[in-house]
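Observations on chain architecture
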Amino acid sequence: MGFLDRFRGASYFSPMTQVVLVGFVCFLCPGMFNALNGMGGGGQVDRTTGNNANTALYCTFIIFGVLGGAIVNLCGVRWTIFGSGLTYALYSSSYIYLNHTGNGAFTIAAGAILGIGAGILWAAQGMIMVSYPREEEKGRYIAVFWIIFNMGGMLGGILPFAINYHSTKDSLSDGVYIAFVVLECIGAALGLALAPPAKVVREDGSSVVLVKYTSVRIEAVEILKLFMNPMMLALLPMCFASNFFYSYQFGPINGSIFNIRTRGFNNIFYWGAQMIGAYALSFLLDNQRMTRRTRGIIALAIVAVFFNVVWGGTLKLQQKYTHGPLPNGETTDYPGGLIDFLESKRAAGPIILYTLHGVGDALYQNLAYWVIGSLTNDGQKLSRYAGFYKGIQSLGATVAWQLDAKSVSYMNQLIGNWVLLVISMFPMFYVVYTLKDHSEEPTDTKPTNYYDEEEKA
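Procedures and definitions
All residue numbers here refer to positions counted from 1 along the written sequence of the relevant chain. In keeping with the model being predicted, local features are shown solely for residues with a pLDDT of at least 70 and side-chain atom pairs are shown and tallied solely at 80 or more, while totals for entire chains, interfaces and linings include all residues. Processing note: side-chain calculations cover all non-hydrogen atoms of the structure and skip hydrogens and water entirely. In DSSP terms, a helix is any run of H or I states spanning at least four residues, a strand is any run of E spanning at least two, and both are numbered starting from the N terminus. When accessible area is computed with a 1.4 Å probe and restricted to protein chains, residues below 20% of their type maximum are described as buried, those above 50% as exposed, and intermediate ones as partly exposed. The contact criterion used throughout is that any non-hydrogen atoms of two residues lie within 4.5 Å. Stacked, tilted and edge-to-face pairs are distinguished by plane angle, under 30 degrees for stacked and over 60 for edge-to-face with tilted covering the rest, among Phe, Tyr and Trp rings (Trp via its six-membered ring) whose centres lie within 6.5 Å. By definition here, a salt bridge exists when the distance from a side-chain nitrogen of Lys or Arg to a carboxyl oxygen of Asp or Glu is within 4 Å.

Looking only at helices and strands, the protein chain has 17 helices and 0 strands in total. Taken across its 457 residues, the protein chain has 61% of its residues classed as buried. Considering only residue pairs separated by 6 or more positions, the protein chain has 84% of its internal contacts joining residues 24 or more positions apart.

Let us now look at the packing of aromatic side chains. If you walk through the whole model with that rule in mind, you get 34 aromatic pairs. Taking the centre distance of 5.4 Å and the plane angle of 10 degrees together, the rings of Tyr95 and Tyr177 count as stacked. In this pair, Tyr95 sits in helix 4 (residues 78–101) while Tyr177 sits in helix 7 (residues 174–190), placing the two residues 82 residues apart along the sequence. In this structure, Tyr95 and Tyr177 share a single accessibility class: buried. With a centroid separation of 5.9 Å and 75 degrees between ring planes, the pair formed by Tyr321 and Tyr410 is classed as edge-to-face. Taken together, the positions of Tyr321 in the loop between helix 13 (292–318) and helix 14 (344–373) and Tyr410 in helix 16 (residues 410–433) put the pair 89 residues apart, joining distant regions of the chain. For Tyr321, a relative accessible area of 3% puts it in the buried group.

Right, let's talk about the pattern of salt bridges for a bit. Between side chains of opposite charge, pairing is possible as soon as their charged atoms come close. Applying the stated rule across the entire model yields 8 salt bridges. The partner of Glu136 in a salt bridge is Arg134, with the nearest N and O atoms 2.8 Å apart. Residue Glu222 pairs with Lys225 through a salt bridge whose shortest N-O separation is 3.5 Å. In this pair, Glu222 and Lys225 are both assigned in helix 8 (residues 216–226), 3 residues apart and thus about one turn of the helix distant. Since its relative accessible area comes to 22%, Glu222 is described here as partly exposed. Overall, the relative accessible area of 43% leaves Lys225 in the partly exposed class. One salt-bridge network, held together by shared partners, links Arg134, Glu136, Glu137 and Glu203.

Quick look at the structure:
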């Protein structure tokens, strides 16, 4: 069956429809957030407030990422995603206040609130994306989600590029932030359109969940067990490194050597390239002519080679400058000053390199989700695994954003990113090597508050 054929004839209660819906939620909420972050400092000249807001965000994300799976299991996916989506709109609106007052306190507080919402949203998203499809379709479903999700980043790049095309300011205008807020509110409302998990049925007639009993006590115990799970412990470096590179890519690269309209232009390609990377990798991850272990090892080898080549090129670029525009009015020390996309000779190399970082992000994170989804087919376990992944990922992001906020040299940030990514490959290899062709299935079938409530809703 072809890639696009998966969409044809899909009913509302099919796994593909649900993955597409949650993809559009993330298109409009995290996708817009990614676009805003991709501008460097939330589109502000001084990245300090944006960096501190991201630190606050990821501090709460650490906690609610880990707890998110339990919250989703107890409360259901629709209302948790709706409430979580509104925290993205609150965060974007805080930059309008920052534009007019210069006071970053509201933005930092909004970042902390967003961390709560994001932790819960991504746990719900991860559960839907990796537990709804059949085993042989997981790579494709992850790619479908990733493509739709990153369309949001592309749109979020087009908006500031178009609105600020003739602007001479180095900060985004209110109009851009207002557009983000409106889109994020629509995304939050779309979460209410999701079907209850108990009603979702695969093409072969099987339900996506075997209804299980859960409670606060059970979820608390299961969360603690995550930190004693050998597979989860082996994946800690992968989780920690998987968003660590964003602060370097968005700040020291995109936010430091390009002018404001070119940053938006670059993000169109950065997020667009993610769609290509996810689509290409899905063919390998779902190739049934090879064992799951073989597919995983080949994918990991591709990611390792690709990352080392791209970060090698980044090292060559980084040797040309030490800082970007500063709050005191001093411009970047990149040769020739800030790059505009119309300066084709100066712009081509750095823009292509930044785009390749987008491809690398998609390859790494799609592989990470596929590995996690290969450990089990149990939806409740996968919601906890996804929450664990996002929580530890946020711990890494917290450290990374503070490195830039504390003005750690760009070269040291680059080296730190590169070393972390290389280290993460070794335990990932161990986990991939232990993968079996068929994951464990859920066995407990006692009724639960969560699914009963979702059925009645």
